[in-house]
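Tertiary structure, described
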Amino acid sequence: MHTIFITGGTGCIGSVTIAKLLQSEEVGKIVVAARSGNLETLKLWLGDEFDARLKFVTLDIADYEAISELLREVNPTHIIHLGAYQSPDCSKYHIRGMEINTGGTMALFDAAEKLANLKRFVFASSAAVYGMRSMYPEPTIAEDAQLMPPNHYGIWKLAGEHLARLFYDNTKVPTICLRINTTYGKGRDKGKTAAPTNALKAIAMGSVAGDIIPFEMPYEGRENYHYVEDVGAHFAACTLQAFQGYEAFNIKGKTIAIEEFLSIIKEQANYLGVGEYAELSITEGAPPNLFAHDLSHEKIERTFTNLPLTSIAEGVRISLEEFQKMARKGVLKYSVEST
């Protein structure tokens, strides 16, 4: 039976990843390490009654001694590293972002090198490791393209990938880096690319309150979208399925123009009977989307099986329905500050 140690497990992607992992009978225990003891996002996927296989610990990922002691105690067979400062925090607090996203990642890899039973390490990287889209003349961007992060967050994630490669070289423990782009859906509350999810929340909250909440996208251009449940399924599959070596993979997704994404939202809002509350636009003079798009996912498709790719229309519809339920219960959080 697998013992899985996951950092950032109470966040958006961590929560849905845990929900997917718990579907496997191979998983005997999941130790969830996070700075915060807030379990509300996890409850969105698991309900109020948690599986007995879950154990929760409070951990500052930048605390090397605490990580080392905890890993010795847990003795995991698999590690998933999702804990990180996101883009807005990295921009505001450079040094703290470096301490957590680079120092914490280095501390975790260093402690993991001493584990005798470790069989897999999965690191959450980002499409922010690529440069601006104009750098790449090809129709899609593959994993071996030139990497030139446009912000501190991307720099720290690229450093994490190099640490992952070094960890594999030193241990030969199969190691995977998953490059994530814009994730949307239930539980997505923070990050520079939370804007598409906030557009959905505005409609859901407005429809329940009976009042239109206008929403403006703070950037323009094209964007590579992942439905949140698909992302969790990718992390679970890349943790549990057979794999040897070290590789970085783009997660499966779909790139379209932001205008088209907003149009799909309006179509699905109309389908659900709440189209009158869909007042969506792009801010006049908005800057271009900072992160690369048109990412190729052929490599991950060749390597792993049964990885989902939910259509944007379906993902948007499901998300709107979920957000309406949350708004009726009074638990839907809506903020544009992080965008």
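Placed above this text is the structure.
A brief structural summary. Since this is a predicted model, take the numbers as computed values, not measurements.

Counting its regular elements, the chain contains 11 helices and 12 strands. Taking 20 Å as the expected radius of gyration for a compact globule of 339 residues, we find that the chain reaches 19 Å, a close match to that expectation. Structurally, the chain occupies a C-alpha span of about 60 × 50 × 40 Å along its principal axes. Taken across its 339 residues, the chain has 56% of its residues classed as buried. Of the charged side chains in the chain, 33 are positive and 41 negative; the average position of the first set lies 4 Å away from that of the second.

All right, on to the pattern of salt bridges then. For the coordinates displayed, the defined rule picks out 13 salt bridges. Asp 294 is the partner of Arg 133 in a salt bridge, and the nearest nitrogen-oxygen pair spans 2.9 Å. You can see Arg 133 sitting in the loop between β5 (120–126) and α6 (152–171) and its partner Asp 294 sitting in the loop between β12 (280–282) and α10 (298–303), a full 161 residues away along the chain. Residue class for Arg 133 comes out buried when judged on its relative accessible area of 17%. The salt bridge involving Arg 222 is made with Asp 294; its shortest N-O contact spans 2.7 Å. Highlighted residues: Arg 222 in strand β9 (residues 222–227) and Asp 294 in the loop between β12 and α10, separated in sequence by 72 residues. Given a relative accessible area of 33%, Arg 222 falls into the partly exposed group. One network of salt bridges, in which partners are shared, links Arg 133, Arg 222 and Asp 294.

With that out of the way, let us pick up the packing of aromatic side chains. Summed over the entire model, instances satisfying the criterion amount to 13 aromatic pairs. Summarising the aromatic geometry, the rings of Phe 50 and Phe 56 are spaced 5.5 Å apart at their centres and angled 45° between planes, so their arrangement reads as tilted. Relative to Phe 167, the ring of Phe 109 lies with its centre 5.1 Å away and its plane at 40°, an arrangement referred to as tilted. Of this pair, Phe 109 sits in helix α5 (residues 94–112) while Phe 167 sits in helix α6, placing them 58 residues apart in sequence. For the pair Phe 109 and Phe 167, one class covers both residues: buried.

Taken in spatial order, the 3 strands of this open sheet run β7-β9-β11, and their pairing is mixed. Edge positions in the sheet fall to β7 (182–184) and β11 (254–257), since each has one partner strand and no second. When the angles between neighbouring strand axes are averaged without regard to direction, this sheet yields 45°. Sheet topology places β7 next to β9; 3 bridges connect them, and they run parallel. Residue pairing in the sheet places Thr 183 in a bridge with His 226 of β9. On top of the sheet, helix α8 (residues 228–240) reaches β7 and β9; it is set at about 65° to β9, its chief contact.

The subject of this paragraph is the nonpolar core. Formed by 64 residues in total, the largest nonpolar core has its most connected members in Ile 30, Leu 178, Ile 203, Phe 235, Phe 261, Ile 265 and Val 316. Among all residues touching Leu 178, those that are not within four sequence positions of it are Val 122, Phe 123, Ala 124, Ser 125, Ser 126, His 234, Phe 235, Cys 238, Phe 249, Ile 251 and Ile 300. Membership of the second largest hydrophobic core comes to 27 residues, among which are Leu 59, Ile 67, Val 74 and Leu 108.

Time to look at the environment of Phe 323. Secondary-structure assignment places Phe 323 in helix α11 (residues 312–329). Considering only alpha carbons, one finds Phe 323 and Gly 285, 38 residues apart in sequence, at a separation of 29 Å. With residues near it in sequence (within four places) discarded, Phe 323 still touches Gly 185, Lys 186, Thr 197, Leu 200, Lys 201, Ala 204 and Leu 332.

On to the pairing of strand β1 (residues 2–7). Within β1, 6 of the 6 residues are buried, which leaves it mostly tucked inside the rest of the structure. Neither face of β1 is left uncovered, since the one carrying His 2, Ile 4 and Ile 6 and the one carrying Thr 3, Phe 5 and Thr 7 both have all their residues buried. Sheet analysis places β1 next to strand β2 (residues 27–34), joined by 6 bridges and oriented parallel. From the neighbouring strand, Thr 7 faces β2, where its bridge partner is Ala 33. Following the backbone out of β1, through helix α1 (residues 12–21) and into the adjacent parallel β2, one traces a crossover that is right-handed. In this structure, β1 lies alongside strand β4 (residues 78–81), joined through 4 bridges in parallel fashion. From the neighbouring strand, Ile 6 faces β4, where its bridge partner is Ile 80.

Rules behind the numbers
Residues numbered from 1 in each chain as written. Predicted model: local features only at pLDDT ≥ 70, side-chain atom pairs only at ≥ 80, totals over all residues. Heavy atoms only, no water. Helix = DSSP H or I, 4+ residues; strand = E, 2+ residues; numbered from the N terminus. Rg over C-alpha atoms; globule rule 2.2 N^0.38 Å. Buried < 20%, exposed > 50% of the residue type's maximum accessible area, 1.4 Å probe, protein only. Lys, Arg positive; Asp, Glu negative; His and termini not counted. Charge placed at Lys NZ, Arg CZ, Asp CG, Glu CD. Salt bridge = Lys/Arg side-chain N within 4 Å of Asp/Glu carboxyl O. Phe/Tyr/Trp six-rings, centres within 6.5 Å; stacked < 30°, edge-to-face > 60°. Pairing = 2+ DSSP bridges. Axes fitted to C-alpha atoms, helices over the stretch in contact; angles between N-to-C directions. Contact = heavy atoms within 4.5 Å. Core = buried A, V, L, I, M, F, W, Y, C linked by side-chain atoms within 4.5 Å. Right-handed = clockwise from strand over helix to strand, strands pointing away.

Any link to function would need more than the numbers given here.
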